[in-house]
Amino acid sequence: MTDRVVVKVFSYNIHKGFDLGNRAFVLPSIRQAIANLQPDIVFLQEALGQHDKYASRFEEWPDLPQPEFIAEGIWPYVAYGKNAIYSHGHHGNAILSKYPIVQFENIDVSTNAFESRGILHAVLDVPGVAMPVHCICVHLNMLRKGRDMQLKQLCRRVIRSVSQADPIIVAGDFNDWQESASKLLFDDVGLQEVFLKLNGKHAQTFPTQFPLLRLDRVYARGLETVGGEILSGSPWGNLSDHAPLYVQMIISDIPV
């Protein structure tokens, strides 16, 4: 028999839990806003695992690392990739999931001393789906040269670690304001960008108040996209400096 499994995917650069101007700590509001959507898989960038200075400065600072604080009571499975490490803490990418994360690995793809970047690759066991579902959360360089190197590393990771038969979702902050990544990812590994396929253009996500740049992406292979939204307005306009992306996909014709 075959089954059709609907997967709700959410991707967000949370700006370390601070608002657009870095004036207010808004992580509890971010958590509530994401929880209201009830996505199945959450891709986070710029998530703090630890920050001793902020913890002593803000009374409402949670005891848990930011990915675990957001996930608590909602997403039982969390993968965190520590990318930027400093004397008082660290931050990186995270994947939160309602489905079991059977394994994960964080790959350092930093190309210079000023941008600590990583690719977080998690393998999920989704009920009703015979094959593993691969999820890769990325945050790439702002400079084109380093970003191109990281995209090639991403392609090599997919070729080496993901079977052609396995569904894969790649999401995050690509910083690809020149919009060159999608052709490379499609040509090299068959990844299609969700909003480009749905609307003929990438989603405008930055800055939140007046989104002009198309920095954030959701790519997929082996899934059918049925809908995608750029989340703007209340409450998102007062949270982070990026607008989040929310996508619904179907994994279909999978033997079970």
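As the structure is a computational prediction, the values presented were derived from the model and not from experiment. (Residues numbered from 1 in each chain as written. Predicted model: local features only at pLDDT ≥ 70, side-chain atom pairs only at ≥ 80, totals over all residues. Heavy atoms only, no water.)

Here's the deal with the packing of aromatic side chains
Okay, step 1: Within the structure shown, the criterion is met by 13 aromatic pairs.
Okay, step 2: The interplanar angle of 65 degrees and the centroid separation of 5.3 Å between the aromatic rings of F18 and F58 together place this pair among those described as edge-to-face. In this pair, F18 is assigned in the loop between β1 (2–13) and α1 (27–37) and F58 in the loop between α2 (52–57) and α3 (66–71), connecting sequence segments 40 residues apart. The same class applies to F18 as to F58, namely buried. (Phe/Tyr/Trp six-rings, centres within 6.5 Å; stacked < 30°, edge-to-face > 60°. Helix = DSSP H or I, 4+ residues; strand = E, 2+ residues; numbered from the N terminus. Buried < 20%, exposed > 50% of the residue type's maximum accessible area, 1.4 Å probe, protein only.)

Digging into the pattern of salt bridges
Okay, step 1: Throughout the structure, instances matching the rule amount to eight salt bridges.
Okay, step 2: Notably, a salt bridge pairs E115 with R117, separated by 3.3 Å at the nearest N-O pair. By the burial criterion, E115 is buried, and R117 matches it.
Okay, step 3: Each of R147, D176 and R217 takes part in salt bridges that share partners, so that together they form one network. (Salt bridge = Lys/Arg side-chain N within 4 Å of Asp/Glu carboxyl O.)

Some details on the sheet that holds strand β9 (residues 192–193)
Within a sheet, adjacent strands bond to each other through the backbone by hydrogen bonds, running parallel or antiparallel.
Okay, step 1: If you walk across this open sheet you meet the six strands as β5-β6-β7-β8-β10-β9, and the pairing is mixed. Both outer strands of the open sheet, β5 (101–108) and β9, are each paired with one neighbouring strand and no more.
Okay, step 2: Relative to strand β10 (residues 216–221), strand β8 (residues 168–173) runs antiparallel, the two sharing six bridges. When the sheet's bridge partners are listed, V170 is paired in β10 with Y219.
Okay, step 3: In the packing of helix α5 (residues 181–189) onto the sheet, contacts are made with β9 and β10, and the angle to β10 comes to roughly 15 degrees. (Pairing = 2+ DSSP bridges. Contact = heavy atoms within 4.5 Å. Axes fitted to C-alpha atoms, helices over the stretch in contact; angles between N-to-C directions.)

Quick notes on the nonpolar core
Okay, step 1: Counting 29 residues, the largest nonpolar core has I41, F43, I95, L124, I169, V218 and M249 as its most contacted members.
Okay, step 2: Within the residue set of this core, elements represented by two or more residues are β1, β2 (41–51), β6 (118–124), β7 (133–139), β8, α6 (194–199), β10 and β12 (245–255).
Okay, step 3: Here the element with the most residues in this core is β12; it accounts for four residues.
Okay, step 4: Other than its neighbours up to four places away in sequence, I41 contacts V7, K8, V9, F10, I95, L96, Y99, L124, C135 and I169.
Okay, step 5: One finds F25, W61, L96 and L239 within the second-largest nonpolar core, a separate group that totals 26 residues. (Core = buried A, V, L, I, M, F, W, Y, C linked by side-chain atoms within 4.5 Å.)

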